[in-house]
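Reading the structure
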Amino acid sequence: MYRLSRLKYVFPIGLFVSLFLDGALSHVWAPLFFSYPYSMASELVLLWLVLSYFFENGIEIPLIPWSIAAGVVTDLYTSGILGLCMVLFPCIVGLTQLLSKYFSSSFLSMIMIFFIDIVVFETLNYWAYSLINITTTPFGDYLIYVLAPTLALNLVYFVALYWPLRSLFNWATTEKNA
Amino acid sequence: MRKFFSNRRLVIIVVILVVCFGLMAGSVSLRNRRNTPPLVQQFGNDIVGFADSAVALPVNWLQTSFSSVNDLMSTYSENRELKQQVTELAQTKVRDQTLAHENKQLKQELKLKSSMTDYDTVSAAVLMRTPSAWQQQLVINKGQSSGIKKNMPVMSDGGLIGRVTEVNKTNSKVELLSDTGESSNRFAISINGSNGVVNGIITGYNASRNELIMGQVSSKAKIKKGTRVTTSGMGGITPKGLYVGKVSRIGKDDYGLAQKVYIKPAADFNDINIVTVAESASQE
């Protein structure tokens, strides 16, 4: 039961901490993240959402409502342009749920699903922003200078945080009294 | 096989898409038109900003302590260089004080209250940077309650870095000069040429060479490399005399009719911790 487990506190706190860490790390490591011509977008929120779907151990976290909430906060606070992340975050959660039906739940298939998630997220983000004229970067440049470094960064996050987060979720999903 | 795009699902997807793009376009145009975002948005942003400082401040603190250990390594050689500069600076400072005093007296004589060079400053810490490749934007921890208004110029490291684009009660967003958005870097600037002052605006940013571009400069103007560039104070909101950078090279525009001046900005856009927002005193 989601209501009775520690996840009730751990999941939302982790969600918003990762959201704020995205911004804080982009600020602190800006010389690394935004060194010309590359730019990496840190997507710890997506990592948290995807991994909590994989690690929820049968406890059903209301991922879609939480991802909409995180998306609204991201839109209002970090970018100031409403309407993008609030739709894309739940879409990515849905995509993860859809893809995980077809693959076993091993580390390799999880990292592959996360890879696809990031590609879809960044590409839809780029497409929407180029439609409303916030960016005019050509598609080829986007692939080489934005998507590739972003993937590299977020896969490093995935590998580095996979085991710590798994033990965190193991701890949080066990019953309090057990 | 079940059809993926059944009628109902297709309608829902289209509706979501329309709402989505409506919201995005709406919020962009709203941001350009209004001085402050709607109250609900401000309120939300203030609460989130408060929660953000719980994460951002420890991270910032960690970074500062790491970089201070790094700085310790180069202290000796830096100290020697700085000592030399300090002796020069003392002289400049005294002269500056005398001139400021004289300036004040002269203004009193002319019964001028304040001119374009007078400005007050508000210091703020950077909370976060937008984690996106498409927006070069910072969130700082001061807002309306500290007197910050939309479009005020923001400085760091003694140089201009951008302008305030959104103001909430306790935090605000700053768009950097390196942003590719059309209005992000239109600042009125002036350069002292050898045959008079050259006025113009910043028209673009060259990311590959980290240079600001001042376009459409009359080809008669003679500008030397290394000349200091400051804001000209024209347009009202930005005070006169904020340091922008130095002229790095001068080129012709595409048709060869006018000059293009390339300016190396004084501040590093990727290394900003404390910013100063300048508030023109002649506004009030």
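Residues numbered from 1 in each chain as written. Chains lettered and ligands numbered in written order. Predicted model: local features only at pLDDT ≥ 70, side-chain atom pairs only at ≥ 80, totals over all residues. Heavy atoms only, no water.

1. Considering the packing of aromatic side chains
For the structure shown, the criterion picks out 25 aromatic pairs over all chains. Ring geometry for phenylalanine 89 of chain A versus phenylalanine 121 of chain A: centroids 5.7 Å apart, planes at 20 degrees, classification stacked. Here phenylalanine 89 of chain A is found in helix α5 (residues 85-100), whereas its partner phenylalanine 121 of chain A is found in helix α6 (residues 107-131), with 32 residues between them in sequence. In this pair, the class of phenylalanine 89 of chain A matches that of phenylalanine 121 of chain A, namely buried. Note on tyrosine 126 of chain A and tryptophan 134 of chain B: the rings are 5.3 Å apart at their centroids and 45 degrees apart in plane angle, and the pair reads as tilted. With tyrosine 126 of chain A in helix α6 and tryptophan 134 of chain B in the loop between β1 (119-129) and β2 (137-140), this residue pair bridges two chains. Tryptophan 134 of chain B gets classed as buried once you look at its relative accessible area, which sits at 5%. Over the ring of phenylalanine 34 of chain A we find arginine 129 of chain B, and its NZ or CZ is 4.1 Å from the ring centre. Looking at arginine 163 of chain B, its charged tip hangs above the ring of phenylalanine 187 of chain B, at a distance of 4.3 Å from the centre. (Phe/Tyr/Trp six-rings, centres within 6.5 Å; stacked < 30°, edge-to-face > 60°. Helix = DSSP H or I, 4+ residues; strand = E, 2+ residues; numbered from the N terminus. Buried < 20%, exposed > 50% of the residue type's maximum accessible area, 1.4 Å probe, protein only. Lys NZ or Arg CZ within 6 Å of the ring centre and 35° of its normal.)

2. Considerations on the sheet that holds strand β6 (residues 188-193) of chain B
As a general point, the strands of a sheet are linked pairwise by backbone hydrogen bonds and lie either parallel or antiparallel. Residues and elements named next belong to chain B. Strand order in this closed barrel of 6 strands is β6-β7-β8-β11-β10-β9, and the pairing throughout is antiparallel. Each strand axis lies, on average, 45 degrees off the axis of its neighbour in the sheet, ignoring direction. With 3 bridges joining them, strand β9 (residues 228-231) and strand β10 (residues 243-252) adopt antiparallel strand pairing. From the neighbouring strand, valine 229 faces β10, where its bridge partner is glycine 245. (Pairing = 2+ DSSP bridges. Axes fitted to C-alpha atoms, helices over the stretch in contact; angles between N-to-C directions.)

3. A look at the pattern of salt bridges
Residue and element names in this part refer to chain B. In total, this model carries 3 salt bridges over all chains according to the counting rule given. For the salt bridge of glutamate 211 with arginine 209, the shortest nitrogen-to-oxygen distance reads 3.7 Å. Note that arginine 249 is salt-bridged to glutamate 211, the shortest N-O span being 2.9 Å. Of this pair, arginine 249 sits in strand β10 while glutamate 211 sits in strand β8 (residues 211-218), and the two are 38 residues apart along the sequence. The exposure class of arginine 249 is partly exposed, given its relative accessible area of 26%. You can call glutamate 211 buried: its relative accessible area is 3%. (Salt bridge = Lys/Arg side-chain N within 4 Å of Asp/Glu carboxyl O.)

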